[in-house]
Amino acid sequence: MITISAADVNKLRQMTGAGMMDCKKALQEAEGDFEQAIDILRKKGQKVAAKRADRDANEGYVVSGTTDDNTYGAVIMVNCETDFVGKNEEFIQFSKDLLQLGIGAKAKSVADLLPMQLGGTTVEARLNDMLGKTGEKIQIAHYECIEAPIVFAYNHHGNRLATLAGLSKKEVANIDEIGREVAMQVAAMSPIAVDNADVDARVIEREIEIGKEQARQEGKPEEMLEKIAMGKLNRFYKENTLLNQEFIRDAKKTVRQFLAEADKDLSVTAFKRLMLGA
């Protein structure tokens, strides 16, 4: 049997909230694979915290914004090693400058940003300069963008979390208010997809398998497992797909219903969400 260290057990406990012995057994069964251990805990009915991977608390700055016409938006995460550097004004301004550079060029990725000119040198060279000044590794961890008829950006207080939301129509009454609400929904509820059909097939397969095993552990008959698993999958969709989530401002309606109240054809084309440590 593989030897599991106390540090690994504690790490899984921090990731899931499960008991120490349960974590140790799950890691032994999974031969040290953390993702598999999480699934084992779930299959055994453990209430696992929503932390699917190793989430070291990386420091830095996250910020989002849009073009003046709101048809393109971007969100960037610049990482550093300590909170001290992350709150430094020069580091914050550097992060904001990177975002504006990306928005101006309608960049698609981090790779697009690195060779661009910023302050008389390339972004890549500036990153190395920042390292020299701070003594810490500085990196652009993520850069995401959306193009849509209208895009909204939301920056949560403290700039540890920022989102983008693209909507399908611009000429809608109160569209600015609607768009901000959707971007805030993404921040608060962390959906994994816009709608059911957008969920990765591997995720669906995994949830069905876990649902079946949970039901089996509860003593349900084999012929009922598929039906029970599909019921659990539908709950998964409601909790994790943006349009089917309860609207944070009014739990009596879904986000889809909230949008339809403004315009029956209004929907979300895409969203992005970046958060430090996630």
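Here goes a summary of the coordinates provided. All figures in this text were calculated on a predicted structure; none of them were measured in a lab.

Moving on: the sheet that holds strand 1 (residues 59-66). Read from one edge to the other, the open sheet built from three strands follows the order 1-2-5, with strand pairing classed as antiparallel. Sheet topology places strand 1 and strand 5 (139-147) at the edges, where each strand pairs with a single neighbour. Averaged over all adjacent pairs, the angle separating strand axes in this sheet is 10°, with direction ignored. Packed onto the sheet, helix 5 (residues 89-105) meets strand 1, strand 2 (72-80) and strand 5 and runs at close to 150° relative to strand 2.

Turning next to the side chain of Asn240. Take Asn240: it is sitting in helix 10 (residues 225-240). Take Asn240: its relative accessible area is 17%, and that puts it in the buried class. Within the local environment of Asn240, its side chain forms a polar contact with the backbone oxygen of Phe236, the two atoms lying 2.9 Å apart. Beyond its immediate chain neighbours, meaning those up to four positions away, Asn240 contacts Pro191, Ile192, Ala193 and Gln245.

This next bit is on the sheet that holds strand 10 (residues 268-275). Here three strands make up an open sheet; going across it, the order is 6-7-10 and the pairing antiparallel. The open sheet is flanked by strand 6 (150-155) and strand 10, the only strands paired with a single partner. Averaged over all pairs of adjacent strands, the angle between their axes in this sheet comes to 10°, without regard to strand direction. Here six bridges tie strand 6 to strand 7 (residues 161-167), and the two strands are oriented antiparallel to one another. Among the inter-strand pairings, Phe152 is bridged to a residue of strand 7, identified as Ala165. Sitting on the sheet, helix 8 (residues 175-189) is in contact with strand 6, strand 7 and strand 10, with an inclination near 50° to strand 6.

To continue, consider the pairing of strand 2. For strand 2, the buried fraction is high: nine of the nine residues fall into the buried class. Neither face of strand 2 is open: one carries Tyr72, Ala74, Ile76, Val78 and Cys80, the other Gly73, Val75, Met77 and Asn79, and all of them are buried. Bridging between strand 1 and strand 2 involves eight bridges; their strand directions are antiparallel. Residue Tyr61 lies in a different strand from strand 2, and its bridge partner there is Val78. What sits between the antiparallel neighbours strand 1 and strand 2 is a turn of five residues, in which Asn70 has the positive phi angle 60°.

One non-glycine residue, Asn159, lies in the positive phi region at around 55°. With respect to the secondary-structure elements, Asn159 resides in the loop between strand 6 and strand 7. Its identity as a non-glycine residue notwithstanding, Asn174 has a phi of 60°, on the positive side. Here Asn174 lies in the loop between strand 7 and helix 8.

Turning to helix 10, a few remarks are in order. Since there are 3.6 residues in each turn of an α-helix, residues three or four apart along the chain are aligned in direction. Between its first and last C-alpha, helix 10 extends 22 Å over 16 residues, near the 22 Å set by a 1.5 Å rise per residue. What helix 10 keeps buried is the set Leu225, Ala229, Lys232, Leu233, Phe236, Tyr237 and Asn240. Down the axis of helix 10, the smallest arc covering the buried residues is 150°, so these residues share one side. Facing away from the buried side of helix 10 by over 90 degrees, the exposed positions are Lys227 and Lys238. For helix 10, the secondary structure elements touched by its buried residues are helix 9 (201-217).

What counts, and where the lines are drawn
The numbers attached to residues start from 1 for each chain and follow its sequence in the written order. A pLDDT threshold of at least 70 governs which residues receive local features in this predicted model, and a stricter bar of 80 or more applies before side-chain atom pairs are shown or counted, although totals over entire chains, interfaces and linings include all residues. Water and hydrogen atoms play no part in the side-chain values, which are based on all heavy atoms of the structure. Pairs of strands are assigned from DSSP output, requiring at least two bridges between the strands. Helix and strand assignments follow DSSP, with helices taken as H or I runs no shorter than four residues and strands as E runs no shorter than two, numbered in order from the N terminus. Note on definitions: angles span 0 to 180 degrees between N-to-C directions of axes, and those axes are lines fitted to C-alpha atoms, for helices only across the stretch in contact. What makes two residues a contact is simply this: any of their non-hydrogen atoms within 4.5 Å. Relative accessibility thresholds used throughout: buried, under 20% of the residue-type maximum; exposed, over 50%; partly exposed, between the two (1.4 Å probe, protein chains only). Here a polar contact is taken to be a pair of N or O atoms separated by no more than 3.5 Å, where protein atoms must pair a possible hydrogen donor with a possible acceptor and residues adjacent in sequence count only if both atoms sit in side chains. A helix is expected to reach a length of 1.5 Å times the quantity of its residues less one. Here the arc refers to the set of directions running from the helix axis out to each C-beta atom.

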